[in-house]
2 protein chains.
Amino acid sequence: MSCPCRPLCLVPKPGCTRPGTPLPRHRASGPALARQVMALPLFDGLDHEVLERLMGDSTALACDRRTLLFSAGAAADSFYIVLDGQVKLFALTPDGRESIVEVFTPVSSFGEAAMLSMGAFPLHAEIIEDATLIKVGRRAFINTLQSDRSVGYRMLASLCRWHQRLSSEIRHLKEQPPWQRVAEFLLALTDAREGTALVALPFNKEILASRVGIRRESLSRVLARLRDMGVRTEGNSVRIDDVDALRRHCTEAGQ
Amino acid sequence: MSCPCRPLCLVPKPGCTRPGTPLPRHRASGPALARQVMALPLFDGLDHEVLERLMGDSTALACDRRTLLFSAGAAADSFYIVLDGQVKLFALTPDGRESIVEVFTPVSSFGEAAMLSMGAFPLHAEIIEDATLIKVGRRAFINTLQSDRSVGYRMLASLCRWHQRLSSEIRHLKEQPPWQRVAEFLLALTDAREGTALVALPFNKEILASRVGIRRESLSRVLARLRDMGVRTEGNSVRIDDVDALRRHCTEAGQ
DNA sequence: CCGCCACCCTGACCAAAGTCAAGGGGCCGC
DNA sequence: GCGGCCCCTTGACTTTGGTCAGGGTGGCGG
């Protein structure tokens, strides 16, 4: 608790006396985590020190499963960054059933829109897997925004890039068959432009399936079919025999 | 040419002496156009006067089909708003074929990301249907951004809302069957919460189909099936017998 | 060792969307 | 009126993804 880098050790400093790891459940830690937070769409491209200052003004929360983070209608004076665990955003239907609108996994952020534009959260949020969150207050955020003229500009820029990614995903969902989406997902995991590549799936097949918009059974079948195109998968490691050939398969089949 | 509202008559002023319609190929004009431009994700929520000032510093371009607007690598010192016509963004593959990355139709904007972050366009842009564009320079944009502290904030907010729309569209594409997407599209066209509604399709079925990510034949079949749920379509006008019933159909079928 | 569980694969079946082909109706210029 | 075109619909057929059920493997605790 006497860690000099409060409230959050993005990059644990030498003098840190906090007992144990500061954020025990992290998949990433230290520099890797810092890199991830900095790669958040909202922060992508920001100076390290600006981010550090913002983090310094923010709070780290350790939340247990089944905690209600906030409910719909609550004042939205901050937004959240998911460092670890999972948070679901949901609405309650008139008849009492809940409808999950979105599930946030590390590392992502949510609630910016509510905070920035509406002032109140439109949905309920509940922790569905023990989580570590950063709560960023509106005041601190605006301070950051105004601390430097370029910050707002940078944020706009990074949101634009975010938008580009999202709309390209929409295009893919609309015009590509599932197997191509899977193939492109795999291709995106490697920097190799040709030859064979060995990549590790970042999460299990269930999540990968939902990521590309299909059921896990279909994913199995797709991976089976991709074997003919030189994609060998074993556990969560995948071997692409010929990156370029696979890439050409995708583009030419896509018309 | 002596129109007082240069370079663009968003809302033609009484004293306008410009001969004929200022932007002849517009589908929308006057207040309707202004509304559309103001609803651009980037500008959504901005004050009318701020927008007017920005437009005043910008240039309207009338471009002919097959014009190359810019090529990849060109300095990105402005971005564009498509008022009319169509623009395609494409890349050239090593073997000389072109791969279309995106097609922009009215009213939308492109190139913000390139302008804001990279400084150079990553793709080629070509007019594929006689177009009217607004070219917004970086300088003018930044001036707007700095003219008022709240502008940057507002733009961030509206981009966040934009993001929400996009990610909700992604969710829909992934977890809803086509007929539900069609139904929700129709429901989104009316404000009615119950009873019967009469809506007009904003574009032809071909485009509507691609909007929801299916072929036009499938759209026909979907609309045929929706007839059983009290959706009568004739030409581009659609009658929803019971808005609430249809909405319930959607949510309960979606689990 | 066993049972349990999480994760993954597979096969059989069904429903639904894509594809290909044909045709209807409205609009337009000749 | 006629032919052509555009937009849309329909039908027959194919392909593919969803669903359901079964089963395999590996880790873990009893």
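Residues numbered from 1 in each chain as written. Chains lettered and ligands numbered in written order. Predicted model: local features only at pLDDT ≥ 70, side-chain atom pairs only at ≥ 80, totals over all residues. Heavy atoms only, no water.

## Concerning the overall build of chain A
Piece 1. Summing up its helical and strand segments, chain A has nine helices and nine strands in all.
Piece 2. Residue burial in chain A is summarised as follows: out of 255 residues, 45% are buried.
Piece 3. Residue pairs in contact within chain A that sit at least 24 positions apart in sequence constitute 67% of those at least 6 positions apart.
Piece 4. Accessible surface, chain A: about 12700 Å² in total, of which carbon and sulfur atoms supply 50%. (Helix = DSSP H or I, 4+ residues; strand = E, 2+ residues; numbered from the N terminus. Buried < 20%, exposed > 50% of the residue type's maximum accessible area, 1.4 Å probe, protein only. Contact = heavy atoms within 4.5 Å. Areas by Shrake-Rupley, 256 points an atom, 1.4 Å probe, with all protein chains shown as cover.)

## Brief notes about the protein's contact with DNA strand C
Piece 1. As a structural note, the neighbourhood of DNA strand C is formed by 14 residues, with Ser220(A), Pro178(B), Arg215(B), Ser218(B) and Arg221(B) the closest of them.
Piece 2. Atoms of DNA strand C within 4 Å of the protein belong to the sugar or the phosphate in 70% of instances, the rest to bases.
Piece 3. Take Ser220(A): an N or O atom from its side chain is 2.8 Å from a phosphate oxygen of DNA strand C.
Piece 4. The side chain of Arg215(B) places a nitrogen or oxygen atom 2.7 Å from a phosphate oxygen of DNA strand C.
Piece 5. The set of elements that each furnish at least two residues to the surface near DNA strand C consists of α7 (205-212) and α8 (216-226) of chain A together with α8 (216-226) of chain B.
Piece 6. Classifying every residue of the surface near DNA strand C gives two nonpolar, three polar and nine charged. (Near = heavy atom within 4 Å. Polar contact = N/O pair within 3.5 Å; in protein donor to acceptor, adjacent residues only side chain to side chain. Nonpolar A, V, L, I, M, F, W, Y, C, P; charged D, E, K, R; others polar.)

## Some remarks on the relation of the copies chain B and chain A
Piece 1. After a rotation of 179 degrees and a shift along the axis of 0.2 Å, chain B superposes on chain A with an RMSD of 0.5 Å. When the rotation and shift are considered jointly, the pair of chain copies conforms to a two-fold rotation axis.
Piece 2. In this assembly, 97% of the residues forming the interface of chain B have copies in chain A that are likewise at the interface, indicating an isologous arrangement. (Least-squares fit on C-alpha atoms with pLDDT ≥ 70 in both.)

## Here's the deal with the interface of chain B and chain A
Piece 1. Counting residues at the interface gives 34 residues for chain B and 35 residues for chain A.
Piece 2. Per-residue buried area on chain B facing chain A is highest for Tyr153(B), Leu156(B) and Lys174(B); these three make up 19% of the total on that side.
Piece 3. If you look at where chain B meets chain A, you find two salt bridges.
Piece 4. Between the two partners, chain B and chain A, sit eight residue pairs in polar contact (both at pLDDT 80 or more).
Piece 5. Secondary-structure elements contributing two or more residues to the side of chain B that touches chain A are β4 (98-104), α3 (112-118), α4 (138-147), α5 (149-175) and α7 (205-212) of chain B.
Piece 6. Looking at the side of chain B that touches chain A, the element that brings in the most residues is α5(B), giving 18 residues. (Buried area = accessible area lost by both parts, 1.4 Å probe. Salt bridge = Lys/Arg side-chain N within 4 Å of Asp/Glu carboxyl O.)

## Things to note about the sheet that holds strand β8 (residues 231-234) of chain B
The strands making up a sheet associate through hydrogen bonds between their backbones, and the pairing can be parallel or antiparallel.
All names here are of chain B.
Piece 1. The three strands are arranged β7-β9-β8 in an open sheet whose pairing can be described as antiparallel. The strands lining the two open edges of the sheet, one partner per strand, are β7 (197-200) and β8. Between one strand axis and the next, the sheet turns through 20 degrees on average, direction left out of account.
Piece 2. Relative to strand β9 (residues 237-240), β7 runs antiparallel, the two sharing four bridges. Of the residues in β9, the one forming a bridge with Val-199 is Val-238. (Pairing = 2+ DSSP bridges. Axes fitted to C-alpha atoms, helices over the stretch in contact; angles between N-to-C directions.)

## Remarks on the protein's contact with DNA strand D
Piece 1. Pro178(A), Arg215(A), Ser218(A), Arg221(A) and Ser220(B) are the nearest of the 13 residues found near DNA strand D.
Piece 2. For DNA strand D, the fraction of atoms within 4 Å of the protein that belong to sugar or phosphate moieties is 65%.
Piece 3. Here Arg221(A) contributes a side-chain N or O atom positioned 2.6 Å from a base oxygen of DNA strand D.
Piece 4. In this structure, Glu206(B) approaches DNA strand D through a main-chain N or O atom, which is 3.5 Å from a phosphate oxygen.
Piece 5. Of all the elements in the fold, those that place two or more residues in the surface near DNA strand D are α8 of chain A together with α7 and α8 of chain B.
Piece 6. Among the residues forming the surface near DNA strand D, the class breakdown is two nonpolar, three polar and eight charged.

## Quick word on the nonpolar core
Piece 1. Formed by 68 residues in total, the largest nonpolar core has its most connected members in Phe43(A), Ile81(A), Phe141(A), Phe43(B), Ile81(B), Phe141(B) and Met155(B).
Piece 2. The contacts of Phe43(B), once residues within four sequence positions are left out, are Val37(B), Met38(B), Leu51(B), Leu54(B), Phe79(B), Ile81(B), Phe141(B), Met155(B) and Ser158(B). (Core = buried A, V, L, I, M, F, W, Y, C linked by side-chain atoms within 4.5 Å.)

## Side note on the side chain of Glu112(B)
Piece 1. As for its position among the elements, Glu112(B) is in helix α3.
Piece 2. Only 2.4 Å separates the side chain of Glu112(B) from the side chain of Ser109(B), close enough to count as a polar contact.
Piece 3. Excluding residues that lie within four positions of it along the chain, Glu112(B) makes contacts with Cys160(A), Leu42(B), Phe79(B) and Trp162(B).

## Some words on the domain arrangement of chain A
Piece 1. Its domain assignment divides chain A into domain 1 (30-165) and domain 2 (176-253).
Piece 2. In this structure, domain 1 of chain A and domain 2 of chain A have C-alpha centres spaced 30 Å apart. (Domains from an automatic or database assignment.)

## Quick word on the environment of Leu156(A)
Piece 1. In this fold, Leu156(A) is placed in helix α5 (residues 149-175).
Piece 2. The spatial distance from the C-alpha of Leu156(A) to the C-alpha of Phe185(A) is 27 Å, given a sequence separation of 29 residues.
Piece 3. Once residues lying within four places of it in the same chain are set aside, the contact partners of Leu156(A) are Leu116(B), Phe141(B), Leu145(B), Met155(B), Leu156(B) and Leu159(B).

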